[in-house]
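# Per-entry structural report
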Amino acid sequence: MTLKEYKIESKRTCPNLNTNAENLLHMALGMQTEAAEISDVFKKKLAYNKDIDWVNVKEEIGDLMWYIMNLCTFNNFDLEEILQTNIDKLRVRFPEKFTEENALNRNLEQERKTLEK
């Protein structure tokens, strides 16, 4: 499935609430909820040594992506463009590969220029 196909299918199942503010809050709270559900799986592994249910983890990632895609749709954001911009920013931050030095000593001005393109 492409991101364009996913956008169409995600929008099909997304309720449109009374106001744009309510739609955006619904998406933001939904992302928080799904991220917390993913985190809970790993917390239970850490604290209680419970086996990780990878089927559930993938389901929650899908749910998180549904909220992300619909947030993009409500704002007329192009998710592919957002993903490309993220990679471009990371190329500025880590020209070769991840290093702790580059992570700690970021060129925030150059990163911002990349984000604003």
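Everything numeric here is computed off the predicted structure, so don't read it as measured data. (Residues numbered from 1 in each chain as written. Predicted model: local features only at pLDDT ≥ 70, side-chain atom pairs only at ≥ 80, totals over all residues. Heavy atoms only, no water.)

### Quick notes on the overall build of the protein chain
- Tallying secondary structure elements over the protein chain gives six helices and zero strands in all.
- Along the protein chain, helices (α) and strands (β) appear in the sequence α-α-α-α-α-α when read from the amino end.
- When contacts within the protein chain are restricted to residue pairs at least 6 apart in sequence, those whose partners lie at least 24 apart make up 58%.
- Counting only carbon and sulfur atoms, one obtains 55% of the accessible surface of the protein chain, whose full area is about 8,900 Å².
- The distance from the centre of the 17 positive side-chain charges to the centre of the 21 negative ones in the protein chain is 2 Å. (Helix = DSSP H or I, 4+ residues; strand = E, 2+ residues; numbered from the N terminus. Contact = heavy atoms within 4.5 Å. Areas by Shrake-Rupley, 256 points an atom, 1.4 Å probe, with all protein chains shown as cover. Lys, Arg positive; Asp, Glu negative; His and termini not counted. Charge placed at Lys NZ, Arg CZ, Asp CG, Glu CD.)

### Things to note about the pattern of salt bridges
- A complete count under the given rule lists eight salt bridges for this structure.
- Residues K44 and D40 are paired through a salt bridge, measuring 3.0 Å at the closest nitrogen-oxygen approach. With K44 and D40 both in helix α2 (residues 20-48) and four residues apart, this pair spans about one turn of that helix.
- You can call K44 partly exposed: its relative accessible area is 28%.
- The salt bridge partner of E116 is R112, with a shortest N-O separation of 2.6 Å. (Salt bridge = Lys/Arg side-chain N within 4 Å of Asp/Glu carboxyl O. Buried < 20%, exposed > 50% of the residue type's maximum accessible area, 1.4 Å probe, protein only.)

### Quick word on α2
- Under the 1.5 Å per step criterion, the end-to-end length of α2 is 41 Å for 29 residues, consistent within 8% with the ideal 42 Å.
- Of the surrounding secondary structure, the elements contacted by the buried residues of α2 are α3 (54-74).
- N49, located one to two residues past α2, shows a positive phi value of around 55°. (Expected span 1.5 Å × (residues − 1).)

### A word on the packing of aromatic side chains
- Applying the stated rule across the entire model yields three aromatic pairs.
- Note on F94 and F98: the rings are 5.1 Å apart at their centroids and 45° apart in plane angle, and the pair reads as tilted.
- Given the relative accessible area of 15%, F94 is considered buried.
- The exposed category is assigned to F98, whose relative accessible area is 53%. (Phe/Tyr/Trp six-rings, centres within 6.5 Å; stacked < 30°, edge-to-face > 60°.)

### Remarks on the packing of helix α1 (residues 3-12) against α3
- In the contact formed by α1 and α3, the axes pass within 9 Å of each other and the chain directions differ by 90°. Judged by the inter-axis angle, α1 sits roughly perpendicular to α3. On the side of α1, the interface is formed by L3, Y6, K7, S10 and K11, while α3 contributes G62, M65, W66, M69, N70 and T73.
- Within the contact of α1 with α3, the residues separate by chemical class into five nonpolar, four polar and two charged. (Axes fitted to C-alpha atoms, helices over the stretch in contact; angles between N-to-C directions. Parallel < 35°, antiparallel > 145°, perpendicular 65-115°, else oblique. Nonpolar A, V, L, I, M, F, W, Y, C, P; charged D, E, K, R; others polar.)

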